[in-house]
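# Report on the structure
So you can see what is in the structure, the chains are spelled out below.
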Amino acid sequence: MDTERHRKQMELLIDSLQPWLDQHLGGYIGGNMFVYYSANQTRRDDFKGPDVFVVLGVPNAERRSWVVWEEHKGPDVVIELLSETTAKTDKEKKKQIYQTQLRAPEYFWFDPFNPSDFTGFRLINGVYQELQPDAQGRLFSRSLGLFLNHWQGVHHHINTTWLRWATLDGELLLLPAEAEAQRAAAEAQRAQAAEQQAAVEAQRATAEAQRATAEAQRAQ
């Protein structure tokens, strides 16, 4: 079973990417669900789905599972969240399946309890080639045009290093709650600025009235 941190890491990646995907590329994001790529696999039930996967250019509709031959398309990006019990399978068996069976263009793995274990691959001529991180330690998803990078912070009361999406400008893709909080903070700042401006205008009007009164008294 996944740990609480694994579940929250999965939700963080999915819930922050979905609004961006809806706006820019369109597609479907799944997590911890079966991905069927052959009838033999279905009968053997020998492969559970990836923790996070993204399929571009398909309707964003509810599915019980992802069936490649019905959707006529497999995942474009796959992410596995490692644990002590799954790391070997994720790095060997599943990597081979994603490369030769699903032929997913990009595959990443990340260990929520050991953030340095973070690796990505891109499919080139049918073989995964390891991606090199940039100077900031980020890995680039060419399929999405986004970076995957470490972020130190508090998410659901857990202060650790999380894996998050970022734009080419380095801006994090926000969760809906984060985006709403950012909008509320910006609105509060605008309201405060308007209030301060109104106070300045009131002071200016008071000073102008006082000057007018003083001039009128001198004229008498």
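That block above? That's the structure.
Attention here is on the structure that accompanies the text. (Residues numbered from 1 in each chain as written. Predicted model: local features only at pLDDT ≥ 70, side-chain atom pairs only at ≥ 80, totals over all residues. Heavy atoms only, no water.)

## Some points on the sheet that holds strand β9 (residues 139–141)
Ordered by their spatial adjacency, three strands build an open sheet running β9-β10-β11, and the pairing between neighbours is antiparallel. Of all the strands in the sheet, the pair left with one neighbour each is β9 and β11 (158–166). Strand-to-strand, the axes of this sheet are offset by a mean angle of 40 degrees, without reference to chain direction. Both strand β10 (residues 146–155) and β11 contribute to a ladder of nine bridges, which runs antiparallel. When the bridges of β11 are listed, Val-154 appears paired with Asn-159. Lying on the sheet, helix α1 (residues 4–24) is in contact with β10 and β11; it crosses β11 at an angle near 30 degrees. (Pairing = 2+ DSSP bridges. Helix = DSSP H or I, 4+ residues; strand = E, 2+ residues; numbered from the N terminus. Axes fitted to C-alpha atoms, helices over the stretch in contact; angles between N-to-C directions. Contact = heavy atoms within 4.5 Å.)

## Quick look at unusual backbone geometry
Glycine aside, negative phi is the norm for most residues, and most peptide bonds take the trans geometry. We note that Asn-32 has phi near 55 degrees; this positive angle belongs to a residue other than glycine. Overall, the relative accessible area of 48% leaves Asn-32 in the partly exposed class. Although it is not a glycine, His-156 adopts a positive phi angle of roughly 50 degrees. (Buried < 20%, exposed > 50% of the residue type's maximum accessible area, 1.4 Å probe, protein only.)

## Some thoughts on α1
Taking 1.5 Å per residue as the helical rise, α1 with its 21 residues ought to reach 30 Å, and the 30 Å between its terminal C-alpha atoms agrees with that figure. Most pronounced at Gln-18, the bend in α1 amounts to some 30 degrees, and the proline Pro-19 follows within four residues. Looking one or two places after α1, you find Gly-26, whose phi comes out positive at around 80 degrees. (Expected span 1.5 Å × (residues − 1). Bend = angle between axes of the 7 residues up to and from the residue.)

## As for the nonpolar core
Core analysis: the biggest nonpolar cluster contains 24 residues, and Leu-17, Val-54, Ile-79, Leu-144, Leu-148 and Trp-165 have the highest contact counts within it. Breaking this core down by element, the ones donating at least two residues are α1, β3 (52–56), β5 (77–81), β6 (106–110), β10 and β11. For Val-54, the contacting residues outside a window of four places in its chain are Leu-17, Leu-21, Tyr-28, Ile-29, Pro-75, Asp-76, Val-77 and Leu-144. Of all hydrophobic cores here, the second largest spans 21 residues; its members include Phe-53, Val-78, Ile-97 and Ala-104. (Core = buried A, V, L, I, M, F, W, Y, C linked by side-chain atoms within 4.5 Å.)

## Notes on the pattern of salt bridges
Inspection of the entire model under this criterion finds 11 salt bridges. The residue Lys-73 makes a salt bridge to Asp-76 at a minimum N-O spacing of 2.5 Å. Residue class for Lys-73 comes out partly exposed when judged on its relative accessible area of 26%. For Asp-76, a relative accessible area of 11% gives the class buried. Two residues, Arg-122 and Glu-106, come together in a salt bridge whose shortest N-O distance is 3.4 Å. Of the two residues, Arg-122 sits in strand β7 (residues 118–124) while Glu-106 sits in strand β6, which places them 16 residues apart along the sequence. Neither residue differs from the other here; Arg-122 and Glu-106 are each classed as buried. Each of the salt bridges in this network shares a partner with another, and the network as a whole consists of Glu-80, Asp-90 and Lys-94. (Salt bridge = Lys/Arg side-chain N within 4 Å of Asp/Glu carboxyl O.)

## Structural notes on the environment of Val-154
Looking at the secondary structure, you find Val-154 in strand β10. Take Val-154: its relative accessible area is 54%, and that puts it in the exposed class. For Val-154, the residues in contact, after removing those within four places along its chain, are Asn-159 and Trp-162.

## Description of the pairing of β7
On a regular strand, one side chain projects to one face of the sheet and the next to the other, so that they alternate. Here β7 lies mainly inside the structure; five of its seven residues are buried. Here β7 runs beside strand β8 (residues 127–130); their pairing, made up of four bridges, is antiparallel. Among the inter-strand pairings, Phe-121 is bridged to a residue of β8, identified as Glu-130. Where β7 folds back on β8, the antiparallel hairpin that results is connected by two residues, among which Asn-125 adopts a positive phi of roughly 55 degrees.

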